[in-house]
Amino acid sequence: MYDAIVIGAGPSGSSVALALCGQGRAVAIIERSEFPRRKVCGEFMSAINLELLDRLGAGAAIRAKAGPEVRRVALFASGPGIDAGMPRAAGDAFGRALGRDVLDGILLDAARNAGADVFQPCRAVEIIRDGENAAVRISGKDDQRVLTAPVVIAAHGSWEQGKLSTNLPKISAPHDLFGFKAHFKGASLARDLMPLLVFPGGYGGMVWTDQDRMSLSCCIRRDVLARLREKSGAFLSAGQAVHAHIMASCPGTVSSIGGATLDGEWLAAGPIRPGIRPRFADDIFRVGNVAGESHPIIAEGISMALQSGWLLANELARFDRWDRAARVAAGSGYAKAWSRQFATRIRTASVLARIAALPQSNAVMRAFVSWFPESLTIGARLSGKTKALPVLR
Ligand SMILES: Cc1cc2nc3c(=O)[nH]c(=O)nc-3n(C[C@H](O)[C@H](O)[C@H](O)COP(=O)(O)OP(=O)(O)OC[C@H]3O[C@@H](n4cnc5c(N)ncnc54)[C@H](O)[C@@H]3O)c2cc1C
């Protein structure tokens, strides 16, 4: 019997668990993968999160491992790259990147040290809401059991199929976007630069992360990917085909990773599911990608995951007992706070992603940004990179 059961230990699950443990609540976290595990993600974290991570007690460990400060943004499209300043945030002025194999482990360890019970590797397979309490059936290697709590928080991301009522329905359309990511060693990208890559059928980004690794992540349309693979005669894996396509379309990537070596394999995920979804429904709270997701073109998913966990914990803190009336009131407050914090960046990302997907967009975007380079700084600001967290109760 717990106060809260959190399903998933990505940044959203661990941040909400940490914040609830800080309130003295009994928390269980269920995570299906063994850590460390790599993940499709560009791994950039906006500066504003470092202050939040300090409040959660994980800031020092994350600063000690993260890559260099990202002080400039750039566009790598059809010609030479164009760059502009990253807007400065209050406190830590600039964001940094940290491999998800490191970040997620630090956050989960912090939650464990703060008192959360961690069930890992263990999958949540069913949520049964029954009046005051919910039962969550979990399945490990040799172990099946049922945990109960008044509060259940879905933090399991949005890209995987599953049988939980909070898993998103399957989709399939030619314009679906698949996510790819790889680490490189020996890249020659400037260490303070985060370029946006725009290429036919998709977009991506590069940034220096921890351990002298550079991460390249991107999204590409299902139909474009299928054509690339067909053209390669299926000699190339999907990741290799995407890699070759980006190198052929963005000259900036050739000068950055032409002489670099892959560190590990290409990872793939998706289709990704940008959009705004219910943050509280069927008496279940949702944080991170389950609640809503921006196009990765703005690299704000980790921010939204960490911050949504914090916002929910703050709403729940208003009530000593989490009975049905308290859950409904906390759910309504959380949904409003979530929209205020994230709706603009989700819309900005959607507009940018639509522009990036237009035919010839890499030439058109390049022409526009060469004429108005500050648009890169404005775009970074609109995407929430400097938006402070609300003053919390
Ligand atoms: C190509 C690409 C690049 C990106 N780049 C960036 C970037 O640079 N910066 C940024 O901020 N964001 C980026 N993002 C977005 C970011 O990766 C996500 O928004 C973020 O991972 C969401 O965190 P989360 O905690 O909601 O979910 P996740 O990180 O997906 O974590 C969910 C966890 O739940 C577990 N789980 C799933 N189902 C179950 C179950 N049934 N039982 C138990 N456990 C379960 C999973 O194993 C996983 O560990 C990128 C995304 C893509 C596709």
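Look up: the structure comes first, before these words.
The structure reproduced in this document is the subject of the present report. (Residues numbered from 1 in each chain as written. Predicted model: local features only at pLDDT ≥ 70, side-chain atom pairs only at ≥ 80, totals over all residues. Heavy atoms only, no water.)

Looking now at the packing of aromatic side chains. Applying the stated criterion across every chain yields a total of seven aromatic pairs. Arranged with centres 5.2 Å apart and planes meeting at 70°, the rings of Trp338 and Phe342 form a pair that is edge-to-face. Taken together, the residues Trp338 and Phe342, both in helix α9 (residues 324–357) and four residues apart, mark about one turn of the helix. Arranged with centres 6.1 Å apart and planes meeting at 90°, the rings of Phe368 and Phe372 form a pair that is edge-to-face. An aromatic cluster of at least three residues, connected via ring pairs, comprises Phe368, Trp371 and Phe372. The ring of Trp208 has Arg191 lying over it, and the distance from NZ or CZ to the ring centre is 4.7 Å. (Phe/Tyr/Trp six-rings, centres within 6.5 Å; stacked < 30°, edge-to-face > 60°. Helix = DSSP H or I, 4+ residues; strand = E, 2+ residues; numbered from the N terminus. Lys NZ or Arg CZ within 6 Å of the ring centre and 35° of its normal.)

For helix α4 (residues 100–113), with 14 residues, the first-to-last C-alpha span of 19 Å sits near the 20 Å given by 1.5 Å per residue. Buried residues dominate α4, accounting for eleven of its 14 residues. Gly115 lies just past α4 and shows a positive phi near 120°. (Expected span 1.5 Å × (residues − 1). Buried < 20%, exposed > 50% of the residue type's maximum accessible area, 1.4 Å probe, protein only.)

Roughly 470 Å³ of internal volume is contained in the second largest pocket. In terms of lining residues, the second largest pocket is bounded by 25 residues, among which His175, Asp176, Leu177, Pro274 and His295 are the most central. For the lining of the second largest pocket, the secondary-structure elements that each account for two or more residues are β14 (202–208), β15 (213–221) and α9. For the lining of the second largest pocket, the leading source of residues is α9, giving six residues. For the lining of the second largest pocket, the per-class residue count stands at 13 nonpolar, six polar and six charged. (1 Å grid on protein atoms, 1.4 Å probe; cavity = no way out; pocket = protein on both sides within 12 Å on 5 of 7 lines; lining within 4 Å. Points joined across faces, edges and corners; volume = space filled by probe spheres on them. Nonpolar A, V, L, I, M, F, W, Y, C, P; charged D, E, K, R; others polar.)

Moving on, we come to empty space enclosed by the protein. This structure, assessed with the given rule, holds one cavity of 30 Å³ or more. Quantified by volume, the largest cavity comes out at close to 40 Å³. What lines the largest cavity is simply Phe44, Ser46, Ala47, Met86, Pro87, Ala93, Phe94, Gly95, Lys385 and Thr386. Partitioned by chemical class, the residues of the lining of the largest cavity number six nonpolar, three polar and one charged.

Across the sheet, which stays open at both edges, the six strands sit in the order β7-β2-β1-β11-β19-β18 with mixed pairing between neighbours. What marks the edges here is a single partner per strand, and that holds for β7 (117–119) and β18 (280–281). Note that strand β1 (residues 4–7) and strand β2 (residues 27–30) share four bridges and pair parallel. Bridging from a neighbouring strand, Val6 pairs with Ile29 of β2. Along the sheet, α9 contacts β11 (151–154), β18 and β19 (284–286); its crossing angle with β19, the most-contacted strand, is approximately 20°. (Pairing = 2+ DSSP bridges. Contact = heavy atoms within 4.5 Å. Axes fitted to C-alpha atoms, helices over the stretch in contact; angles between N-to-C directions.)

What follows covers unusual backbone geometry. That bond from Gln120 to Pro121 is cis: its omega, -10°, falls within 30 degrees of zero. Tracing the backbone through its elements, the reader meets Pro121 in the loop between β7 and β8 (122–130). Cis geometry marks the peptide bond from Gly270 to Pro271; its omega dihedral reads 5°. Tracing the chain through its elements places Pro271 in the loop between β16 (261–269) and β17 (275–276). The phi torsion at Glu43 lies on the positive side, around 80°, for a residue other than glycine.

With that out of the way, let us pick up the state of the cysteines. One pass over the full model with this rule turns up zero disulfides. You can see Cys21 has no disulfide; the closest cysteine sulfur is in Cys122, sitting 17 Å from it. Cys219 takes part in no disulfide bond, and the closest cysteine sulfur, belonging to Cys218, lies 6.7 Å away. (Disulfide = S-S within 2.5 Å.)

Each regular strand shows side chains that alternate between the opposite faces of the sheet. Burial of strand β4 (residues 72–76) is extensive: four of the five residues sit out of reach of the surface. What sits between the antiparallel neighbours β4 and strand β5 (residues 82–85) is a turn of five residues. Where β4 and strand β13 (residues 193–199) come together, five bridges link them in parallel fashion. The residue of β13 that forms the bridge with Arg72 is Leu193.

Taken in spatial order, the seven strands of this open sheet run β5-β4-β13-β14-β15-β12-β16, and their pairing is mixed. Lying at the two open borders of the sheet, with one neighbouring strand each, are β5 and β16. Ignoring which end each strand starts from, the neighbouring axes of this sheet average 15° apart. Alignment of strand β12 (residues 177–185) against β16, held across six bridges, turns out to be antiparallel. Within β16, the position partnered with Lys185 by the bridge is Thr261.

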